[in-house]
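These are the residues of each chain, in order.
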Amino acid sequence: MDDISERIAETRGRMEEAARQAGRDPGEVELMVVSKTFPPEVIEEAVAARQRLFGESRVQEAVTKIPRLPSSLRWHFIGHLQSNKVRKILPLIEAIHSVDSVELALDIERIADELGLHPEVYLQVNVASDGRKFGFRREGLLHSIDQLLTLKRVQVVGLMTIPPLSPKPEESRPHFAALRRLRDEIHERTGTFLPGLSMGMSGDFPYAIAEGATIVRVGSAIFGAR
Ligand SMILES: *Cc1c(COP(=O)(O)O)cnc(C)c1O
């Protein structure tokens, strides 16, 4: 086995172990391999290891790379998205994890309607209220959630967070727990249960799975340092 397929197998093993320890079904947690900055030839090695779901964070990079890879792959967009790039990226992806404002959600709704698409969306939440990060604050999201849930094209499937960078991965855990509690609070207030929790990266995904992650976004643990 080459390095990339070995690292994918190792990551999947760690994901299963974290799920079992949390008393969860390992089948509930999906691995998204974050391929940003890596060229198609490198991504092909992950495809050879039967990986199908990939994440990209820059529109220009995604629109040049995705058409060069097999059409059987699934792509999620995870980077900050400007409204003027929505039209370019939407036809190439099945989900956006980084919807961080009502305005962006409305732009996606309008363009998805024009293109006849039904994109899945995760609402990005800045649970730590970190001034340097994109994302809804808890209060702002609770204020806007009813409006977001009325959209017809945009399918809100869950919440996403990026905790503050820390050398200690266990410090991410309270942020993951806060995202899960916010999801539960939205359920209580609106009656809508958002199933998806997009949380956990190379350094901290076992803690995210312990707190209920349904999709982890793992890059450097598989492809190496960027
Ligand atoms: C780059 C990136 C990741 C992957 O980070 P790694 O630490 O390399 O696993 C996950 N989520 C987002 C939003 C990213 O931009």
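Up top is the structure.
This structure is a prediction, so every number in the text was calculated from the model and none was measured.

> Quick question: what am I supposed to make of the pattern of salt bridges here?
Two side chains with opposite charge may pair up if their charged atoms get near one another. Applying the stated criterion across every chain, the model contains 18 salt bridges. Each member of the salt-bridge network shares a partner with another, and the members are Arg-87, Asp-107, Arg-110 and Glu-114.

> Which parts of the structure should I look at to understand the nonpolar core?
A general trend in soluble globular proteins is that nonpolar side chains are found buried together. The biggest cluster of nonpolar side chains holds 62 residues, and the ones touching the most others in it are Phe-54, Leu-123, Leu-141, Leu-159, Ile-209, Val-216 and Phe-223. Here this core gets six residues from one element, more than from any other, and that element is helix α5 (residues 102-115). Apart from the residues lying within four places of it in its own chain, the contact partners of Leu-141 are Leu-123, Val-125, Phe-136, Leu-148, Leu-159, Leu-182 and Ile-186.

> What should I look at first to understand the environment of Thr-161 in this one?
With respect to the element layout, Thr-161 can be found in the loop between β6 (155-160) and α7 (173-190). Residue Thr-161 is classed as buried on the basis of its relative accessible area, which comes to 0%. Along the primary structure Thr-161 and Phe-134 are separated by 27 residues, whereas in three dimensions their C-alpha atoms are 9.6 Å apart. Ignoring sequence-local partners within four residues, the contact set of Thr-161 consists of Val-125, Val-127, His-175, Phe-176, Leu-179, Ser-198, Met-199 and Arg-217. Among the polar contacts made by the side chain of Thr-161, one reaches the main-chain carbonyl oxygen of Val-125 at a distance of 2.7 Å.

> Hey, could you run me through unusual backbone geometry in this one?
Phi is mostly negative for residues that are not glycine, and the peptide bonds are mostly trans. Positive phi, normally seen in glycine, also occurs at Thr-37, with a value near 75°. Positive phi, normally seen in glycine, also occurs at Arg-50, with a value near 70°.

What counts, and at which threshold
Residues numbered from 1 in each chain as written. Predicted model: local features only at pLDDT ≥ 70, side-chain atom pairs only at ≥ 80, totals over all residues. Heavy atoms only, no water. Salt bridge = Lys/Arg side-chain N within 4 Å of Asp/Glu carboxyl O. Core = buried A, V, L, I, M, F, W, Y, C linked by side-chain atoms within 4.5 Å. Buried < 20%, exposed > 50% of the residue type's maximum accessible area, 1.4 Å probe, protein only. Helix = DSSP H or I, 4+ residues; strand = E, 2+ residues; numbered from the N terminus. Contact = heavy atoms within 4.5 Å. Polar contact = N/O pair within 3.5 Å; in protein donor to acceptor, adjacent residues only side chain to side chain.

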